[in-house]
Amino acid sequence: CPPPARASASAVRQGLLDAFAERHRRVLNVLVRRNGRLLTGAFSALVRSPWLLDFDCKRSWFRHQLRALHEARGGHFPAVSVHVRRDHVFEDSYHQLHARTADELRGRLSVRFAGEEGIDAGGVAREWFLVLSRAAFNPDYALFKPSAENTTTFQPRENSYVNPDHLLYFRFVGTVVAKALYDGYLLDAHFTRSFYKHLLGKPVTYDDMEAIDPQYYRSLKWILNNDITDAVDLTFSVERERFGEKVVEDLVPNGSAVPVTNANKAEYVALVTTFHMTTSIRKQIDAFVEGLRTLIPADLVAIFNENELELLMCGLPDIDVDDLYAHTEYSGYTASSQQVQWFWEVVRAMDAEERARLIQFVTGTSKIPLEGFAALRGMNGPQRFQIHRASGGADRLPSAHTCFNQLDIPEYTSAEQLRERLLLACREGHDGFGFG
């Protein structure tokens, strides 16, 4: 029938466009960088293929769309005045902002800290966003917990219900993120990859479990890769604690009576990881996303992937390559190995975005410790940046083990080959993650 034929033709045209854009990706991004209006005109089709666009081009398009949305809503809104005590910044901000409508929140933010002089020309609001975003992770609120991978990335607590206002607070934090993105301010709020995926409406995979619970992830990996006959005694159920009592929850109807076997273990791994990363914190996720949507439409933020969303929210880190070099360890290679020398040549030639993607790829976050790379941490405590020689041929991409801040590099035969493969792995980082 005609409609499917038209849809098929449209898909073919999009496929041809994607293939052309992939071949000329660098040139297209240079053109877009010079004239951002191209993404709302002649190059608008690229927005439907966001993997072809560099982060700064996407960010410019995002800002343009928000300005257009602001104008479409009227363009002029009363100022949003916030007067808070620094040592009670979360509670005071919540009480003054949580009930405001979306249009009320569109106004210019004016912040004053009690007992402190200073007219807010933007600097005080900038500080307020940073202080408030850090306060949200205060364990006294029981909202977020650090990932097992490190103490700088967070995700919602399953038992945040111990705070009776937890869902209202999650919605408020989502609203604060929305206001920061809307006004172009940065936050000090780094989340796990899986949580960023939830904010984008993207599905999580069992590989995302590695950042949350590396030991559990390794157990699941073993189950998938080995014959589990008579080796495990598992059912399609999970046991967790609620108000001090053990509660069994089924992953499928009557799951506690369904044994895990070689035939169904893949289904079990998919269901149990979905339970831990999604089902068990579904209400928290929904509340946060509801707050985010007050000012940020889903279709605008969808142009970013989960790594880019962190950069959009937190900014590009200032990476000191000399500091990173001084605190890197090697295995299978030495500092004088040809591949290692090429690696540092490539890193020093990278721009800020490429370096941020590299750090995200290897450590799981773009956040750099205040003390520098000497203070980098992994799942077992202090853990320096590591470069390991990877087995296999030079046709493989580099892989990363974020639990150990470890980058595995094959024995490439030229600096250009290493550069090309490394940048591709960092750009498509979720596909290059290794098993730690």
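Everything here concerns the structure above.
How each quantity is defined
Residue numbers run consecutively from 1 along every chain, following the written order of its sequence. With pLDDT at 70 or above as the cut-off, local features in this predicted model cover only qualifying residues; side-chain atom pairs require 80 or more to be listed or tallied, and sums for whole chains, interfaces and linings still use all residues. As a rule here, side-chain values come from all non-hydrogen atoms in the structure, and water together with hydrogens is ignored. Note on pairing: two strands pair once DSSP finds at least 2 bridges between them. Numbering goes from the N terminus for both helices and strands, where a helix is a DSSP run of H or I of at least four residues and a strand is a run of E of at least two. Every axis corresponds to a line fitted to the C-alpha atoms, with the helix fit spanning only the stretch in contact, and the corresponding angles, defined between N-to-C directions, vary from 0 to 180 degrees. The span you would expect from a helix comes to 1.5 Å times its residue count less one. The criterion used for residue contact is that any of the two residues' heavy atoms lie within 4.5 Å. Buried, partly exposed and exposed residues are distinguished by accessible area as a fraction of the type maximum, computed with a 1.4 Å probe on protein chains only: under 20%, between the cut-offs, and over 50%, respectively. Only four residue types enter the tally: Lys and Arg on the positive side, Asp and Glu on the negative side; His and the chain ends are excluded. Salt-bridge detection follows one rule: a side-chain nitrogen of Lys or Arg within 4 Å of a carboxyl oxygen of Asp or Glu. As used in this structure description, the phrase polar contact means that two N or O atoms lie within 3.5 Å; if the pair is within protein, one of them must be able to donate a hydrogen and the other to accept it, and residues adjacent in sequence are counted only when both atoms belong to side chains. Put simply, buried Ala, Val, Leu, Ile, Met, Phe, Trp, Tyr and Cys residues joined by side-chain atoms within 4.5 Å make one nonpolar core.

> Hey, could you go over the sheet that holds strand β7 (residues 328-331) for me, with residue numbers and the actual values?
Across the sheet, four strands lie side by side as β7-β10-β12-β11; this open sheet has mixed pairing. Bordering the open sheet on either side are β7 and β11 (399-401), each of which pairs with just one other strand. Averaged over all pairs of adjacent strands, the angle between strand axes in this sheet comes to 25°, irrespective of strand direction. By the bridge criterion, four bridges tie strand β10 (residues 385-389) to strand β12 (residues 406-409) in an arrangement that is parallel. Bridging across to β12, Q386 finds its partner in Q406.

> Tell me about helix α10 (residues 214-225), and name the residues and values.
Count 3.6 residues to each turn of an α-helix, and residues three or four apart come out pointing the same way. Compared with the 16 Å implied by 1.5 Å per residue over 12 residues, the 16 Å span of α10 between its first and last C-alpha is a close match. Against the buried residues of α10 lie α9 (209-212) and α11 (265-277).

> With reference to specific residues and values, describe the side chain of D408.
Position of D408 among the secondary structure elements: in strand β12. Buried and unpaired, D408 has R396 as its nearest opposite-charge partner, separated by 6.7 Å. Within the structure, the side chain of D408 is placed 2.7 Å from the side chain of H401, a separation counted as a polar contact. A polar contact is formed between the side chain of D408 and the side chain of Q406, at a distance of 2.8 Å. If near-sequence neighbours (up to four positions away) are discounted, D408 is found in contact with H388, A390, P398, S399 and H401.

> Any chance you could break down unusual backbone geometry for me, citing the residues and the numbers?
The phi dihedral of A142 is positive, around 55°, even though this residue is not glycine. Relative to the assigned elements, A142 resides in the loop between α6 (123-135) and β3 (144-146). Phi is positive for N405, which is not a glycine, with a value near 50°. Mapped onto the secondary structure, N405 falls in the loop between β11 and β12.

> Describe in detail the pairing of β10, supporting the description with residues and values.
Within β10, four of the five residues are buried, which leaves it mostly tucked inside the rest of the structure. Summarising the sheet, β7 and β10 pair through four bridges and their orientation is parallel. Within β10, the residue paired with Y330 across the bridge is I387.

> Quick rundown of the nonpolar core? Include the residues and the values.
Of all hydrophobic cores here, the largest spans 74 residues; its most connected members are F90, W128, F144, F191 and I296. Broken down by element, this core gets its largest block of residues, 10 residues, from helix α7 (residues 166-183). Leave out the neighbours within four places in its chain, and I296 touches F62, L66, A178, L181, Y182 and V301.

> Give a description of the pattern of salt bridges that names residues and reports values.
Scanning all chains against the criterion turns up 22 salt bridges. For R106, the salt bridge goes to D103, with nearest N and O atoms at 2.8 Å. Accessibility expressed as a relative area gives 8% for R106, which makes it buried. Of the residues examined, D103 reaches a relative accessible area of 28% and is grouped as partly exposed. The shortest N-O distance in the salt bridge between D208 and K197 comes to 2.9 Å. With D208 in the loop between α8 (193-200) and α9 and K197 in helix α8, this residue pair connects regions lying 11 residues apart in the sequence. The same class applies to D208 and to K197, which are both buried.

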